[in-house]
Structures are given as C-alpha cells and as structure tokens.
Amino acid sequence: MKTLYIISNYFTPELGAASSRIQNLAKSLSQGNYKVSVICPIPNYPNGKIATAYKGKIYNKKIDENKISIYRLWIYPSNSENKIKRILSMLSFSFSLALFLLSKIFRGPDIIIINSPPLFVSFTGVLFSKFILGSKTILNVSDLWPQSAVELGVLKNEGVFYNLLTRIEKFIYRNSIAIIGQSDEIVSHIKDFVERPTFLYRNLPEDLSENIVLGKTMENDKKRIVYAGLLGYAQGILEICKNVDFDSYDFEFHIYGRGMQEEGIKEYISSNSKSIHFHGAFAKREAKGILTKYDAALVPLSTHIKGAFPSKIYELIQLEVPILFSGEGDGAELIKEENIGLSSTPGDWTSINKMLKYYSEMTNDEIDVWKINQRKLQKNKFNYQKQFENLGFFLNQFN
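Here the residue numbering is sequential within each chain, running from 1 through the sequence in written order. Where local features are concerned, this predicted model is filtered to residues with pLDDT of at least 70; where side-chain atom pairs are given and counted, the filter is 80 or more; whole-chain, interface and lining totals use all residues. To get the side-chain values, all heavy atoms of the structure are used, and hydrogens and water are removed first.

A. Region of interest: the overall build of the protein. On a plain count of helices and strands, the protein comes out with 14 helices and 14 strands. Reported as C-alpha extents along the three principal axes, the dimensions of the protein are approximately 65 × 45 × 45 Å. Classification of residues uses two cut-offs on accessible area relative to the type maximum, computed with a 1.4 Å probe and protein chains only: under 20% is buried, over 50% is exposed, and between them is partly exposed. The burial tally for the protein puts 53% of its 399 residues in the buried class. Contact definition: two residues touch when any of their heavy atoms are within 4.5 Å. In the protein, once contacts between residues fewer than 6 apart in sequence are set aside, the share between residues at least 24 apart is 71%. Here the open area of atoms and residues is found with the Shrake-Rupley method and a 1.4 Å probe, where only the protein chains shown may cover a residue. Only carbon and sulfur atoms are counted for the fraction: they give 50% of the accessible area of the protein, which is about 18,400 Å². The distance from the centre of the 48 positive side-chain charges to the centre of the 41 negative ones in the protein is 9 Å. Runs of E in the DSSP output that reach at least two residues are strands. Runs of H or I that reach at least four are helices, and both are numbered from the N terminus. Charged residues are defined narrowly, with Lys and Arg counted positive, Asp and Glu counted negative, and His plus the chain ends left uncounted. For this purpose, a charge sits on NZ of Lys, CZ of Arg, CG of Asp or CD of Glu.

Set out below in structure tokens:
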C-alpha cells in the first residue's frame, strides 16, 4: 500500500470550505490504495484562537475512524488585520512543518499532496517534499496567490513582498509533478506557467440529497434567504447588510457563520434591521437540516477573484437550495448555463438589488425548475463518487 501525506493549513474541526475539502479528499483516498496522513496546524481557524480541546498542546497525533493519521502541529494563531501577525502565523506553521518533515527524512511517503495557499506553507512543503524526502510532489491549488490578495485589496502588485510571493508561486508550480486545481480558471492560469498533468477537483460534498422534496412550505409569507459560511472580507456580508433593503423585497435574511466581520454584523443588525437574523455557526452534520429550511441561499464574493469558485455552490446543488450568486467567472457561468439560480456583479449594488427584485417576483413553479436542474447535476456532472474514481485514475499514473 502506498503512503500519502496531505499537507494543509486547514482541517476539520475548523470551519470553511478548505477544511471540508481536505477531509473529503483524505477520506476518499484512505478508502483506496493509500495509507493517508494529514499534516495540519492545531485547530485555530477562523477565530485565530486555539480550540479549547487543544489548548496547551504543541503537537497532537490522532488516528480517526477512517484510519487516517492526523498530525496537528504548533502554530502561532492569528486572524488579526495586522499583516505582520498574519505572516508570523503562516511562518510559525511553516517552521513546525519543516521540523516534522525533517523527522521523516528516512521514511518519507511515496506521494505528498500540498495545498496552496498559504504560499509560505506550500513553499515549505514543496521544498522538503522534493529536495529532502524525494517524494512525488502534487500541488493542490484552491486560490491563486498573490493575485487573489491583489484583487481583494490587501496587497499591491508591486514591491519586494509581492515579488517574493510571485517567485514562490512560480517555484511551487515548477517543482510539482502534477497540479490539482479547484476551478477551470485556476487550471488555465497554471498552464501559463508550466506544462504539468492537471486535474480539475471540485469540492463536492458526499451525497446529501436523500429525502429532499420539492416545494417546501414557507413558515410565513416572506421568502427566507440564507447565508452560511465564513464572515470575512472576501464574502462581504456586512456590506450586504448595509446596502440591501431586505424589507423592500419582503425577505428575511438569515446569517450563519464565524469570522472577522461577525461583531460588525451583529452590531449593525441590533440597531438597523428587523429582517436580518444572525444565528452563529453550526456543525457540518447540521447543514442539511438547517439549509433546506430556506427558500434560497445567497453566495457572495465582495469582488471578482480569478479562479475563486465558492464551494457552497456544490453543497447547495446537493441540497437543492436555489442559488443567488454575487460573483463572476466559473461560478456565474455554471449558474447561467445550468439554470440553477441567478447571478449578479460582485460589489455592484444596482446589479445585486436587481437580482433580488427579480427573485422576489418569481413563482414557486419557476423556482422548482432550478431545483430539478440541481438534481440532474448531482447525479451526473457533479457526482461525488465519480469524481474520486477519476482522481484515483489520475494519481495512479504517478505510482
């Protein structure tokens, strides 16, 4: 049996698409021909604080129910807006990762899948995997950094730091034997740098659709829209609360999640709106029971980020919850081509309000067409089991 490491800055029980994606990847590969280990930080995301169960620990090893060895390493946690602290946090895990991989110098794995970003972590992983352990190095790219940082306005596309990140980006692409990308835009971008075997890996959840029925009854006359996920600047939920008058559309807007904008959202709701409701985070196992209570889900990006494809779209397709997307790129194209919801231009409040007004005037029969199309997608194009079978074929060429 081949040994395989997955290096990730995020892993369950942390919130967010990244931890869910890596958990599904590890689980699937462990059910195949691989002995899988995950190397990740002590849980701290997105709050920037060590999870209660892990306080005081600098190292933890656990073998889970799928026989996956999970190695949790020390990190200096931070979700601070201070860039220096955020960089120190990434460097701290990079340091722990380097020490861990050095300890495996004489018994390294056959394959290492390294997730990027953060770039400092992926650089460390690629450097040690290829040049120290001699393992076959596969890069799993979920966001295009530093380009995404520039598009989010947290980094300028000039200067010493930007040039350093660009060099790291090129290094990790060129020193991997294959690339896994989370969207067509990501795969196309990487092909501009290197010629490597590529695999489009969609963050599909396991089948959640059993016993879901069309035409659920609303609890009152208002349509209820839900957002569930991280509450950060990339999602811009606070700005949506401030710029969309949900009362005018006779909507209720329900928010679930954690993140940097959480306190600002709660403060705004308490004094400005009776139509917006904040519920905090929920456990992954509760997603089906909670999300299917709502008539539609809002999936926003604060600006167009090349390569970004919100994983929530895949989950909502499985749950047959209509999608109201504020974004561009692959996500907007999918929603339009497959007719599973509506889309608008991110950050353009005229466009976003036009989308919501259109939705407010739709009939239940029109909305049910979206759900029927979602059901078709989950059985064919976005089939969880088929994707992992194809991933297995892709990895087998490197055995």
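Picking up where we left off.
B. Region of interest: empty space enclosed by the protein. Using a 1 Å grid laid over the protein atoms alone, points where a 1.4 Å probe fits but cannot get out form a cavity; open sets with protein on both sides within 12 Å along at least 5 of 7 lines form a pocket; any residue with an atom within 4 Å of a point counts as lining. Grid points are joined across faces, edges and corners, and a volume is the space filled by probe spheres set on the points. Scanning all chains against the criterion turns up three cavities of 30 Å³ or more. A volume near 60 Å³ is recorded for the largest cavity. In terms of lining residues, the largest cavity is bounded by Val226, Tyr227, Ala228, Leu291, Ala297, Leu298, Val299, Lys312, Glu315 and Leu316. Breaking the lining of the largest cavity down by element, the ones donating at least two residues are β9 (223-228), β12 (296-300) and α10 (312-319).

C. Structural view of the layout of surface pockets. Space inside the second largest pocket adds up to approximately 260 Å³. For the second largest pocket, the lining is made up of 14 residues, of which Ser28, Leu29, Gln31, Gly32 and Phe388 are closest to its centre. Put simply, the parts of the chain that give the lining of the second largest pocket at least two residues each are α1 (17-30) and α14 (384-396). Of all the elements, α14 adds the most residues to the lining of the second largest pocket, at six residues. Class assignment for the residues of the lining of the second largest pocket results in four nonpolar, seven polar and three charged. Each residue receives one of three labels: charged for Asp, Glu, Lys and Arg, nonpolar for Ala, Val, Leu, Ile, Met, Phe, Trp, Tyr, Cys and Pro, and polar for the others, Gly being one of them.

D. Inspection of the pattern of salt bridges at higher detail. A side-chain nitrogen of Lys or Arg and a carboxyl oxygen of Asp or Glu constitute a salt bridge if their distance falls within 4 Å. Following the criterion strictly, the structure yields seven salt bridges and no others. With a shortest N-O distance of 3.3 Å, lysine 266 and glutamate 263 are connected by a salt bridge. With a gap of three residues between them, lysine 266 and glutamate 263 both fall in helix α8 (residues 262-272), about one helical turn apart. Using a relative accessible area of 32% as the deciding quantity, one classes lysine 266 as partly exposed. Overall, glutamate 263 belongs to the partly exposed group, its relative accessible area being 46%. Of the charged contacts, one joins aspartate 368 and lysine 371 as a salt bridge, the two residues approaching to 3.9 Å between their closest N and O atoms. Residue aspartate 368 and its partner lysine 371 are both found in helix α13 (residues 364-379); the two are separated by three residues, about one turn of the helix. By relative accessible area, which is 5% here, lysine 371 ends up buried. Here the salt bridges do not stand alone but share partners, grouping Arg258, Glu262, Glu263 and Lys266 into one network.

E. Main features of the sheet that holds strand β10 (residues 251-256). Strand pairing is assigned whenever DSSP detects at least two bridges linking the two strands. With respect to topology, six strands assemble into an open sheet ordered β11-β10-β9-β12-β13-β14, the strand pairing being parallel. Of all strands in the sheet, those with a lone pairing partner are β11 (276-278) and β14 (341-344), marking the two edges. Direction aside, the axes of adjacent strands within the sheet are offset by 20° on average. Axes here mean lines fitted to C-alpha atoms, for a helix over just the part in contact, with angles spanning 0 to 180 degrees between N-to-C directions.

F. Layout of helix α6 (residues 184-191). Those residues of α6 lying buried are Glu185, Ile186, Val187, His189 and Ile190. The inward-facing, buried residues of α6 contact β6 (136-141), α4 (147-151), α5 (159-174), β7 (178-181), β8 (198-200) and α11 (330-338).

G. Layout of the packing of helix α2 (residues 83-102) against helix α3 (residues 119-133). Relative orientation of the contacting elements α2 and α3 amounts to 15°, with a least axis distance of 8 Å. With respect to α3, the axis of α2 lies roughly parallel. Where α2 crosses over α3, the two elements pack in a sense that is right-handed. Of the residues in α3, those in contact with Ile87, Met90, Leu91, Phe93, Ser94, Leu97, Ala98, Leu101 and Leu102 of α2 are Phe120, Val121, Thr124, Gly125, Phe128, Ile132 and Leu133. Within the contact of α2 with α3, the residues separate by chemical class into 13 nonpolar, three polar and no charged. Every angle not falling under 35 degrees, over 145, or within 65 to 115 is termed oblique; those three ranges are roughly parallel, roughly antiparallel and roughly perpendicular. Take the far helix as your reference; a near helix turned counterclockwise from it by less than a right angle gives a left-handed crossing, and one turned clockwise gives a right-handed crossing.

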